[in-house]
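Analysis of the macromolecular model
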Amino acid sequence: MPYLPLNIDAEQRQILVAGGGVVAARKVRVLLETGARVHVVAPELVTDLKVLVAAESITRRIGSYERSDLKGHFLVVAATNDVEVNRDIAADARAEGILVAVADDPRIGDCLFPAILRRGKLEISISTAGTSPAFAVEVRNLIAGMIDVGYGLALDQLAAEREKLLTEGNGSTYNKKIMRSRARELIKQLAERKDRVL
Ligand SMILES: C[C@@]1(CC(=O)O)c2cc3[nH]c(cc4nc(cc5[nH]c(cc(n2)[C@H]1CCC(=O)O)[C@@](C)(CC(=O)O)[C@@H]5CCC(=O)O)C(CC(=O)O)=C4CCC(=O)O)c(CCC(=O)O)c3CC(=O)O
Ligand SMILES: NC(=O)C1=CN([C@@H]2O[C@H](COP(=O)(O)OP(=O)(O)OC[C@H]3O[C@@H](n4cnc5c(N)ncnc54)[C@H](O)[C@@H]3O)[C@@H](O)[C@H]2O)C=CC1
């Protein structure tokens with residue numbers, strides 16, 4: 001079955017990352033960008049994670065994952081290099097009703113990390129349902145060559161226009177017509193520019 005793409009507001013959410021290797025570090029970086037509160041449990045951390053601990057950007061417990069680590073967390077990322085530990089984390093999280101993403105086996109988790117492209121508030125995420133992350137990265141890079149920072153700026157402009165429009169009480173059919181037409185107009189202008197800033 002296809003995945004359900006949802007954009008989660010992770011700000012101030014408590015998120016557990018089990019594992020302290022390069023994959024865990026990549027997930028932590030993505031999580032911190034969203035304002036999530038990240039706690040890492042691992043016997044060993046790569047330098048990037050040690051730096052984040054020293055800067056108090058994340059908290060950590062030195063040691064192997066234990067079920068009690070899950071307590072109070074909204075999401076857990078199983079990113080150890082031990083297949084069985086990752087499987088146990090997925091099973092424990094399921095039992096506790098906590099969302100889980102599993103770095104080495106997406107199907108036993110609830111969700112996965114897509115390749116992301118951000119241009120201001122515009123967020124584009126690409127997933128291959130775990131079948132080829134490299135393909136997701138390359139598709140993201142292709143889109144990155146088409147959608148430059150101008151799209152983020154145009155979006156800010158459109159958002160301001162929308163906010164004003166919504167206070168005018170014209171009704172949703174009218175608003176939809178105006179907004180869709182303005183969005184098309186701005187996108188046409190963006191596509192016709194010669195000076196893109198990637
Ligand atoms: C299921 C998922 C789990 C999850 O992490 O949620 C997962 C799993 C696995 N990745 C593996 C390998 C690679 N992962 C990348 C890169 C990224 N992987 C990411 C996501 C995901 N990876 C989720 C699915 C996303 C989807 O739907 O496609 C990205 C997009 C986002 C992120 O990590 O935040 C990030 C790009 C970050 C960016 O550039 O923005 C590269 C490419 C590279 O490094 O250049 C390679 C090598 C090439 C290759 O294998 O394709 C392996 C095999 C390990 C092995 O060989 O042992 C597994 C395990 C398995 O498949 O079993
Ligand atoms: N999702 C993705 O994008 C990718 C996923 N992978 C998978 O991710 C996993 C991790 O990869 P790397 O970070 O490269 O591994 P790594 O070997 O660099 O790091 C593994 C980390 O797990 C920790 N660990 C081991 N046992 C643990 C336990 N019981 N509890 C808590 N922490 C424990 C280690 O101390 C270490 O910090 C691998 O299983 C790999 O197959 C690999 C590449 C990409």
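Everything below is about the structure shown above.
Residues numbered from 1 in each chain as written. Chains lettered and ligands numbered in written order. Predicted model: local features only at pLDDT ≥ 70, side-chain atom pairs only at ≥ 80, totals over all residues. Heavy atoms only, no water.

In the vicinity of ligand 2, 19 residues are found, and the nearest of them are Gly20, Val23, Arg26, Glu44 and Tyr65. Taking Arg26, its side chain carries an N or O atom lying 2.4 Å from an oxygen atom of ligand 2. Broken down by secondary-structure element, the contributors of at least two residues to the shell around ligand 2 are helix 1 (22-33) and strand 2 (37-42). With four residues, the top contributor of residues to the shell around ligand 2 is helix 1. (Near = heavy atom within 4 Å. Polar contact = N/O pair within 3.5 Å; in protein donor to acceptor, adjacent residues only side chain to side chain. Helix = DSSP H or I, 4+ residues; strand = E, 2+ residues; numbered from the N terminus.)

Two strands in a sheet stick together by hydrogen bonds in their backbones, pointing the same way (parallel) or opposite ways (antiparallel). Within the open sheet, the five strands sit side by side as 3-2-1-4-5. Their pairing is parallel. Strands with a single pairing partner mark the edges of an open sheet, and in this sheet they are strand 3 (59-62) and strand 5 (99-102). On average, each strand axis in the sheet is inclined to that of its neighbour by 20°, with strand direction left out of account. As paired strands, strand 2 and strand 3 are joined by four bridges and run parallel to one another. Its bridge partner lying in strand 3, Val40 is registered against Arg60. (Pairing = 2+ DSSP bridges. Axes fitted to C-alpha atoms, helices over the stretch in contact; angles between N-to-C directions.)

The next point concerns the packing of helix 5 (residues 149-167) against helix 6 (residues 172-192). Close contact between helix 5 and helix 6 brings their axes to 11 Å; oriented N to C, the two are set at 160°. Here helix 5 lies roughly antiparallel to helix 6, going by the angle between them. Handedness of the helix 5/helix 6 crossing: right-handed. Taking contact as the criterion, the partners of Gly150, Tyr151, Ala154, Gln157, Leu158, Glu161, Arg162, Leu165 and Leu166 in helix 5 are, on helix 6, Tyr174, Asn175, Ile178, Met179, Arg182, Ala183, Leu186, Ile187, Leu190 and Ala191. In terms of residue class, the contact of helix 5 with helix 6 is made up of 13 nonpolar, three polar and three charged. (Parallel < 35°, antiparallel > 145°, perpendicular 65-115°, else oblique. Left-handed = near helix turned anticlockwise from the far one by under 90°. Contact = heavy atoms within 4.5 Å. Nonpolar A, V, L, I, M, F, W, Y, C, P; charged D, E, K, R; others polar.)

For the rest of this paragraph, the subject is the environment of Glu33. Summarising the element assignment, Glu33 is placed in helix 1. On the basis of relative accessible area, Glu33 is assigned to the partly exposed category, the value being 49%. Residues Glu33 and Glu11, spaced 22 residues apart in sequence, show a C-alpha to C-alpha distance of 9.1 Å. (Buried < 20%, exposed > 50% of the residue type's maximum accessible area, 1.4 Å probe, protein only.)

In this description, an aromatic ring pair is defined by two values, namely the gap between the centres and the angle between the planes. In total, this model carries zero aromatic pairs according to the counting rule given. Of note, Arg13 hangs over the ring of Phe74, and the distance from its end group to the ring centre comes to 4.2 Å. (Phe/Tyr/Trp six-rings, centres within 6.5 Å; stacked < 30°, edge-to-face > 60°. Lys NZ or Arg CZ within 6 Å of the ring centre and 35° of its normal.)

That is the geometry; function is a separate question.
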